[in-house]
Amino acid sequence: MAVQYYEKQRIFKLDTQHTSYIMAVVDKENFLGHVYYGGRLEDYDLTYLLRLGEKPFVPSENNRERCSFMDSFPAEYAGHGLGDYRDGCISVRTKGGHSAINLTVVSHEIYGGKKRLEGLPATFGTEQECSTLEIHCEDAVLGLQVTLMYTVFEDVDAITRSVKVTNEAKEEIYLTKVLSACLDMDNREFERITLHGSWARERHIQRQPIGYGKYAVSSLRGEPGHQEHPFMALAVRGTTQDVGEVYAMNFVYSGNFLAQEEMSQFGSVRMSMGINPEDFCWRLDPQESFQAPEVVLVYSAEGLGGMTRSFHDLYRKHLIRSPYRDKKRPVLINNWEATYFEFDTDKLIGIAKQAAELGIEMLVMDDGWFGKRNFDDCALGDWQVNEEKLKGGLKYLVDEVNKLGMKFGIWFEPEMISPDSELYRAHPDWAFQIPGRTPGMSREQYVLDLSRKEVRDYIYECVAKILHSANIEYVKWDMNRSLCDIGSIGFPADRQGELYHRYVLAVYEMQERLITDFPQLLLENCSGGGARFDPGMLYYSPQIWCSDDADAVERLMIQEGTSLIYPLSTMGAHVSDCPNHVVGRVTPFETRGYVALAGTFGYELDVTRISEEDRNMIPEQVAMYHKYNDLVREGDYYRLASYGENHCYDCYEVVSKDKKEALVTYIQVLNIPNCHSRRIYLRGLEAAAEYKVEGMEGVYRGETLMKAGIQVEILAGDFRGKLISVKRSSKAS
Ligand code: GLA
């Protein structure tokens, strides 16, 4: 059983295949202490780790030092304002104006499977796949019930946590902070790993030793943003891809978040994650509940690689729901970088004809097909086809594309409104705004107040009408600015602090409606590239556009950071135009193909205007995609070398689950004069099995390829790459 309660000792133990997580209820006051998280253990009573025999003693025995106790106790879900001076997980504002809260355990339940989190994306599993523990806590003074939920996914070594708060009192209470998880641990010379970036360079990895005090990454943009990411890991110093211990948290949420690590005076470390408490204030009326989103916890004793593979498996098996999850996605061509706003039916059909001949399977019409949208300064919200551009209408275009044997996809930006739009002229109050202030624009647009049902229903119906009007099989759902000027006429003054979260819930509701009404649709999320690439969105779409920067070199670091957590099958990646539209770099077409192969694969260029040499490479690349995509989508991912670290070359490998096949991608960013071939140590093979490596004579045992490695020749020139296929030799298999 993955969840155990030892009644006598009042201990909870959660076990995955390789990890254990232990909590204990202590003292007469029923505090919940975090005892242990790490490699799997058989023993369960490790309460000596709580230091209860040391001063300061538990309060009921000696209330004299209650505050000292609270301030050093490793709390499972820390309260606020009652002596624990570290940042807590929850705080409130009562009618009397107080903020303090302390939670103690009342009861618990254990059951197989997992309940859905109302209105929120979350991992799922059957009774055979996961088990859940709910610990019911209370603050009797406030009349608040707080349920801590833990689900154990044994096979993938992951535990998810979330929190539900219910108001059992007679009057309303305001929740000003409800994080979803915290982990109190002793410091083990931890190094913190976080992901940072900007537009066009999302999710670069940053690693730093921790120190006393607090370090946070967060967002107040209404989405995670390009800048920070709802992920934090603490790795024991020296942890590599293959060895060492790491604790990681990732937030299944697409709005304002906080991920924080705090080292106390005693060298204990509290890592916590949840909705950003800044600008959050949720009014909870009597008998109402608030469900906080879910945090995924992964512990790996097999280095960062082990952590990565747990996240990948969890998300592929227990988070993504799309019918495309386990399928090849159609190789698409998107017209954004090919035409920007300058296209019409003939131009698109011209691109589609050429693309179809080359084996491309879907045309995606990007921004600019609706209203009078001929530039990015107008018409968002006017979701009617511009028939001056699309002569004959949308259905005609889609039918023509279908006749070529291609699918058709379309772009929307449903959450936005241009001040210069019919929609805004009719409903100026539909944009978020604060009375007396002119809302700030970004990309000349405002954000729709989706917290109001009439607004989101109207927009959803516009989107659905377009989708019903023709055979549209793919939608790119874009979101091109962060939120600000948050104010809504739909809610009273004391509920304005709910708007950021209500906005995210609205986006979830709209996307849930979309995939319910159009169950076969391939949905790709996007936000100015990869500003909303998070597990929350993966619940609705199996893929997310990774970055507006598709330069082969820039993508190496973006994709390395992204794939640290997210499966390759989720990373929108295309071969784009050259010189690259963001950095102006010229890279070989071939290399752009190798890099895009690590994601969903497609094209973002005018196939009628590229050189014949490049064009001729497309059928080969499409064939390469078909040959390797099952492996790339479903295999185990190993990072063998990082361009971000060595500034010279990049190398990663995907190994099939049955270990019969592997694919190594090697990208030499810069050539080095007078240099030997490079040694690359393969990973994940079966030690005793024999393998044939593409380009090498003979067969070698997996252990040889992993321990002794292979030699990869230095390629002539910069920005070059190659794929190396590794196959179990048929004699041995
Ligand atoms: C965003 C997306 C791009 C493209 C444009 C269209 O920037 O990331 O791929 O769709 O919007 O305006």
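A brief report on the enclosed structure follows. Predicted model, so just to flag it, every value in this text is computed and none were measured.

Take the sheet that holds strand E3 (residues 19-26) next. Adjacent strands of a sheet form backbone hydrogen bonds with each other and so pair up, either parallel or antiparallel. Pairing is antiparallel across the open sheet formed by four strands, whose spatial order is E1-E2-E3-E4. Strand pairing shows two members of the sheet lacking a second neighbour, strand E1 (3-6) and strand E4 (31-39), which therefore form its edges. Strand after strand, the sheet turns through a mean of 15° between neighbouring axes, direction not considered. In this structure, strand E2 (residues 11-15) lies alongside E3, joined through five bridges in antiparallel fashion. Bridge pairing links Leu14 to Tyr21 in E3.

Attention now moves to a nonpolar patch on the surface. Together, Trp199, Val582 and Val583 make up an exposed nonpolar region whose accessible area comes to about 240 Å². Overall, Val583 belongs to the partly exposed group, its relative accessible area being 38%.

We now examine the packing of helix H7 (residues 453-468) against helix H8 (residues 499-517). For the pair H7 and H8, interaxial distance at closest approach is 11 Å and the crossing angle is 30°. In this view, H7 runs roughly parallel relative to H8, as classed from their interaxial angle. Relative to H8, the crossing made by H7 is right-handed. From H7, Arg456, Asp457, Ile459, Tyr460, Glu461, Val463 and Leu467 reach across to H8, where they touch Ala506, Glu509, Met510, Arg513, Leu514 and Asp517. When its residues are assigned to classes, the contact of H7 with H8 shows seven nonpolar, no polar and six charged.

Here we take up the packing of aromatic side chains. A full pass over the atoms with the stated rule returns 38 aromatic pairs. Aromatic side chains Tyr508 and Tyr540 sit 5.3 Å apart centroid to centroid with 20° between the ring planes, which places their arrangement in the stacked category. With Tyr508 in helix H8 and Tyr540 in the loop between helix H9 (535-538) and strand E28 (543-545), this pair connects stretches of sequence that are 32 residues apart. Tyr540 carries the same exposure label as Tyr508, and that label is buried. Seen in terms of ring centroids, Tyr649 and Tyr666 are 5.8 Å apart; in terms of plane orientation they differ by 40°. Their pairing is tilted. You can see Tyr649 sitting in strand E33 (residues 649-655) and its partner Tyr666 sitting in strand E34 (residues 661-668), a full 17 residues away along the chain. Given a relative accessible area of 0%, Tyr666 falls into the buried group. Of the aromatic side chains, those joined through ring pairs into one cluster are Tyr21, Tyr37, Tyr150, Phe190, Tyr247 and Tyr299. Here the basic side chain of Arg192 rests over the ring of Tyr215, its NZ or CZ set 3.6 Å away from the ring centre. Directly above the ring of Tyr324 sits Lys327, whose terminal nitrogen or CZ lies 5.2 Å from the centroid.

Now for unusual backbone geometry. Following Lys55, the chain continues into Pro56 via a peptide bond in cis, with omega recorded as -5°. Here Pro56 is to be found in the loop between E4 and helix H1 (66-72). Cis geometry is found at the peptide bond from Cys578 to Pro579, where omega equals -10°. For Pro579, the location among the structural elements is in the loop between strand E30 (575-576) and helix H11 (589-596). Unlike most non-glycine residues, Phe601 shows phi in positive territory, near 70°. Turning to its location among the elements, Phe601 is positioned in the loop between H11 and strand E31 (602-604). Overall, the relative accessible area of 1% leaves Phe601 in the buried class.

To continue, consider the site of the ligand. Every one of the 13 residues lining the ligand counts as a neighbour, but Asp366, Asp367, Lys476, Gly529 and Asp548 are closest to it. Take Asp478: an N or O atom from its side chain is 2.9 Å from an oxygen atom of the ligand. Between Asp548 and the ligand, the recorded distance is 2.5 Å, taken from a side-chain N or O atom to an oxygen atom. Expressed as a share of its isolated accessible area of 310 Å², the protein-covered part of the ligand is 96%. Residue composition of the shell around the ligand, grouped by class: four nonpolar, three polar and six charged.

This part takes up empty space enclosed by the protein. Scanning the model with the defined rule gives eight cavities of 30 Å³ or more in all. Of the volumes computed, that of the largest cavity is approximately 210 Å³. Considering the residues around the largest cavity, the lining is formed by 19 residues, among which Ala75, Tyr77, Ala78, Gly79 and Asn102 are closest to the centre. By residue class, the composition of the lining of the largest cavity is 13 nonpolar, four polar and two charged. Roughly 80 Å³ of internal volume is contained in the second largest cavity. Lining the second largest cavity we find 13 residues, and of these Lys114, Leu117, Met149, Thr151 and Ser162 sit closest to its centre. Broken down by secondary-structure element, the contributors of at least two residues to the lining of the second largest cavity are strand E8 (144-153) and strand E9 (158-167). Per-class residue counts for the lining of the second largest cavity are four nonpolar, four polar and five charged.

Here we take up the pairing of strand E17 (residues 268-275). With eight of eight residues buried, E17 is to be regarded as a mostly interior element. Pairing analysis gives seven bridges linking strand E16 (residues 257-263) to E17, with the strands arranged antiparallel. Bridging across to E17, Gln260 finds its partner in Ser272. The antiparallel hairpin formed by E16 and E17 contains four residues in its connecting segment, where Gly267 sits at a positive phi of about 80°.

What follows concerns the pairing of strand E22 (residues 362-365). Residues of E22 alternate between two faces, with Met362 and Val364 on one and Leu363 and Met365 on the opposite face, all of them buried. Sheet topology places strand E21 (residues 332-334) next to E22; three bridges connect them, and they run parallel. The partner of Ile333 across the bridge, within E22, is Leu363. Strand direction decides the pairing type here: E22 and strand E23 (residues 407-412), joined by four bridges, are parallel. Looking across to E23, one finds that Met362 is bridged to Lys407. Regarding the hand of the β-α-β motif, the stretch spanning E22, helix H5 (residues 393-403) and E23 is right-handed.

Rules of the game
Residues numbered from 1 in each chain as written. Predicted model: local features only at pLDDT ≥ 70, side-chain atom pairs only at ≥ 80, totals over all residues. Heavy atoms only, no water. Pairing = 2+ DSSP bridges. Helix = DSSP H or I, 4+ residues; strand = E, 2+ residues; numbered from the N terminus. Axes fitted to C-alpha atoms, helices over the stretch in contact; angles between N-to-C directions. Patch = residues over 30% accessible without salt bridge, like charges linked within 9 Å, V, L, I, M, F, W, Y side chains within 5 Å. Areas by Shrake-Rupley, 256 points an atom, 1.4 Å probe, with all protein chains shown as cover. Salt bridge = Lys/Arg side-chain N within 4 Å of Asp/Glu carboxyl O. Buried < 20%, exposed > 50% of the residue type's maximum accessible area, 1.4 Å probe, protein only. Parallel < 35°, antiparallel > 145°, perpendicular 65-115°, else oblique. Left-handed = near helix turned anticlockwise from the far one by under 90°. Contact = heavy atoms within 4.5 Å. Nonpolar A, V, L, I, M, F, W, Y, C, P; charged D, E, K, R; others polar. Phe/Tyr/Trp six-rings, centres within 6.5 Å; stacked < 30°, edge-to-face > 60°. Lys NZ or Arg CZ within 6 Å of the ring centre and 35° of its normal. Near = heavy atom within 4 Å. Polar contact = N/O pair within 3.5 Å; in protein donor to acceptor, adjacent residues only side chain to side chain. 1 Å grid on protein atoms, 1.4 Å probe; cavity = no way out; pocket = protein on both sides within 12 Å on 5 of 7 lines; lining within 4 Å. Points joined across faces, edges and corners; volume = space filled by probe spheres on them. Right-handed = clockwise from strand over helix to strand, strands pointing away.

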